[in-house]
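# Analysis of the macromolecular model
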Amino acid sequence: MLRRLVLLLALAAMAHGVTLRKWIAAHEKTCYFASVDVPFKKVAFYFAVHQGGNFDIDFEVEGPNNRQLFKGEAERQGDYVFTATQIGEYA
């Protein structure tokens, strides 16, 4: 069963944004990255499941040190903003 995820990933401090629409199969893993070039930059993301399964998805956000920052299970949508304290890639 396919799930459709709309993910908005924005670097609010520089007003950059990317909107992605992706079909994700049940139990499929997919990863998106945001690169932070200065500490204390705001990172924001939004997602919404539009169809498939129970209209839910599991997600997690990790910092450059592989430390888990957020985790959600069976979420239908989410809107998150956090301050990236380290330079590097957030997944």
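Quick caveat: nothing in here was measured; it's all calculated off a predicted structure.

## Quick notes on the pattern of salt bridges
One pass over the full model with this rule turns up three salt bridges. In this structure, Glu 28 engages Lys 22 in a salt bridge whose closest nitrogen and oxygen atoms are separated by 3.5 Å. What makes Lys 22 partly exposed here is its relative accessible area of 26%. Residue Glu 73 pairs with Lys 71 through a salt bridge whose shortest N-O separation is 3.8 Å.

## Quick look at the environment of Asn 65
Following the sequence through the fold, Asn 65 ends up in the loop between β5 (57–62) and β6 (68–75). The class of Asn 65 is partly exposed, set by a relative accessible area of 41%. Separated by 24 residues in the primary sequence, Asn 65 and Glu 89 have C-alpha atoms spaced 8.9 Å apart. Of note is the side chain of Asn 65, whose polar atom sits 3.0 Å from the backbone nitrogen of Arg 67.

## Notes on the confidence of the model for the protein
When pLDDT is averaged across the protein, the result is 81; 81% of the residues are at 70 or more. Contacts for the low-pLDDT stretch residues 1–15, under 50 throughout, to residues beyond four places or in other chains number 74 contacts.

## A closer look at the environment of Val 61
Of note, Val 61 is situated in strand β5. Separated by 28 residues in sequence, Val 61 and Phe 33 place their C-alpha atoms 9.5 Å apart.

## Considerations on the pairing of β6
As paired elements, β5 and β6 share five bridges and run antiparallel to each other. Paired with Glu 62 across the strands is Gln 68, a residue of β6. Counted between consecutive antiparallel strands, the loop separating β5 from β6 contains five residues, among which Asn 66 sits at a positive phi close to 65°.

Definitions and limits used
- By convention here, each chain's residues receive numbers from 1 onward along its written sequence.
- With pLDDT at 70 or above as the cut-off, local features in this predicted model cover only qualifying residues; side-chain atom pairs require 80 or more to be listed or tallied, and sums for whole chains, interfaces and linings still use all residues.
- Just so you know, side-chain values use all the structure's heavy atoms and leave hydrogens and water out.
- Any carboxyl oxygen of Asp or Glu within 4 Å of a side-chain nitrogen of Lys or Arg constitutes a salt bridge here.
- Summary of the burial criterion: residues with accessible area below 20% of their type's maximum are buried, those above 50% are exposed, and those between are partly exposed, where the area comes from a 1.4 Å probe applied to protein chains only.
- We count a stretch as a helix when DSSP gives it H or I for four or more residues in a row; a strand needs E for two or more, and each element gets its number in order from the N terminus.
- Here a polar contact means two N or O atoms within 3.5 Å. Within protein one must be a hydrogen donor candidate and the other an acceptor candidate, and residues neighboring in sequence count only if both atoms are side-chain atoms.
- Within a predicted model, pLDDT stands for the predictor's per-residue confidence, ranging from 0 to 100.
- Should any heavy atoms of two residues lie within 4.5 Å, those residues are considered in contact.
- Any two strands are treated as partners once DSSP identifies two or more bridges connecting them.

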